[in-house]
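# Close look at the chain arrangement
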Amino acid sequence: MNLPAPPDLDSLLPRWGEWIASNALRDCSSESMQAAMVGAGEDAATAAALIQQVLHSPILTAARRLQQQHQKLLSVVGNLQAVWEAAADYEAVERREQIEPEEFQRRHIEGFRPLLLSGHARHWPALQRWQFEALRERFGAQEVQIQSGRDQDARFEENSEALRRQVSFAEFLHYAQHSAPGNAQYLTANNHLLRRPEFAELLDDVGELPPLVDRAQLASQAHLWIGPGGTNTPMHHDCCMLFHTQIVGAKRWRLISPLDWGRMDNRHHVFSPIDLDAPNLLDRHPQFRGARVLDVTVQPGETLFLPLGWWHQVSGLAPSVSISYTGMSCPNSFQYFSPRLD
């Protein structure tokens, strides 16, 4: 009687090895993994043997040790976040008309607290000269680069290079001002429009700047944003501190502390799949439960300061024009490790 040859477990590792290890690190039981493998067509005995081989692998043992270090780090920052958010005013973004540089440095840069400033930009010439009609009259003949087809790509911001499109500025301004709300087209920071000589005079319309902003860096570190109502910037964090001044229309910013990183499922660069508007958010991302979200609307003439590392999702509430800028007289260049796990 010829008995069947024992299964070659090593040949199954490319298909199942990483999957078993990943589920083991999530504390899934051997029984549940075996059931899933049998459901995918594997023999029950073979599945059980392969699971045991992976579970007793020295590679998985090393991964568990690194996982424990990772979990300790998450517990440290999680405890810091718990203390931070216990403050009675944690979820209210502070609003100030003006602030002295020393207090701004101490409370908002070193203290990592967002701030909404209402005083310094209210008299900017840009509030008149960057209205849609005025921009069309001054620069309508120019070509600009926008993102187009964002509504057809679930990862539109990560794939922004593939969505670049050159259009007439006049055509785009008409679209942004008069189209129905939507996320299909947006002129974003990636266009670097303010670095082009033909648009340089726009920066002459920028008046008094917030504390610690270096005007000499404005030409190289400022970015224009123009779009219709309904634009959406997905959840992400920047790698530096920034200011964002609203000129036309309004935007809703929703902010999450960098110490809540463990809830953000950050698997690729600076992006998170968390979408605060998704109806099934907690079903898809149960680890997000308990996250504290700061919600603030920025109106024309107001400026939001975003401290280092804060997660944010931004929605255009109306046709809008705004400018962000990062050039500061204090250090504003930082190194981040960028995961690429998907």
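Please refer to the structure placed before this passage.
Structural notes, computed from the coordinates. (Residues numbered from 1 in each chain as written. Predicted model: local features only at pLDDT ≥ 70, side-chain atom pairs only at ≥ 80, totals over all residues. Heavy atoms only, no water.)

### Details of helix H4 (residues 58–85)
- Across its 28 residues, H4 extends 40 Å between first and last C-alpha, which sits within 8% of the 40 Å expected from 1.5 Å per residue.
- Regarding H4, its N-cap is serine 57, as a side-chain oxygen of that residue lies 3.0 Å from the backbone nitrogen of isoleucine 59 further along. (Helix = DSSP H or I, 4+ residues; strand = E, 2+ residues; numbered from the N terminus. Expected span 1.5 Å × (residues − 1). Polar contact = N/O pair within 3.5 Å; in protein donor to acceptor, adjacent residues only side chain to side chain.)

### Concerning the environment of glutamate 91
- Its location among the elements puts glutamate 91 in the loop between H4 and strand S1 (94–96).
- Residue class for glutamate 91 comes out partly exposed when judged on its relative accessible area of 38%.
- Beyond its immediate chain neighbours, meaning those up to four positions away, glutamate 91 contacts Arg292, Val293 and Leu294.
- A polar contact of 2.3 Å, which involves the side chain of glutamate 91, links it to the side chain of arginine 292. (Buried < 20%, exposed > 50% of the residue type's maximum accessible area, 1.4 Å probe, protein only. Contact = heavy atoms within 4.5 Å.)

### Some thoughts on the sheet that holds strand S4 (residues 164–168)
- In spatial order, the strands read S4-S3-S5; together these three strands make up an open sheet with antiparallel pairing. In the strand order of this sheet, the two ends are held by S4 and strand S5 (185–186), each with one partner.
- Sheet topology note: the strand S3 (residues 143–148)/S4 ladder contains five bridges and is antiparallel. Of the residues in S4, the one forming a bridge with glutamine 145 is glutamine 166. (Pairing = 2+ DSSP bridges.)

### What to know about the layout of surface pockets
- Volume-wise, the largest pocket comes out at about 1,400 Å³.
- Taken together, 31 residues line the largest pocket, and the ones lying closest to its centre are His70, Leu74, Trp261, Asn266 and Leu341.
- Breaking the lining of the largest pocket down by element, the ones donating at least two residues are helix H1 (9–25) and H4.
- Considering each element in turn, the lining of the largest pocket owes the most residues, nine residues, to H4.
- When its residues are assigned to classes, the lining of the largest pocket shows 17 nonpolar, 10 polar and four charged.
- In this structure, the second largest pocket spans a volume of roughly 790 Å³. (1 Å grid on protein atoms, 1.4 Å probe; cavity = no way out; pocket = protein on both sides within 12 Å on 5 of 7 lines; lining within 4 Å. Points joined across faces, edges and corners; volume = space filled by probe spheres on them. Nonpolar A, V, L, I, M, F, W, Y, C, P; charged D, E, K, R; others polar.)

### With respect to the pairing of strand S10 (residues 294–298)
- Residue alternation in S10 divides its side chains into a buried set, Leu294, Val296 and Val298, and an unburied set, Asp295 and Thr297.
- One ladder, built from five bridges, connects strand S9 (residues 251–256) with S10; its direction is antiparallel. Considered in S10, the bridge of lysine 251 is made with valine 298.

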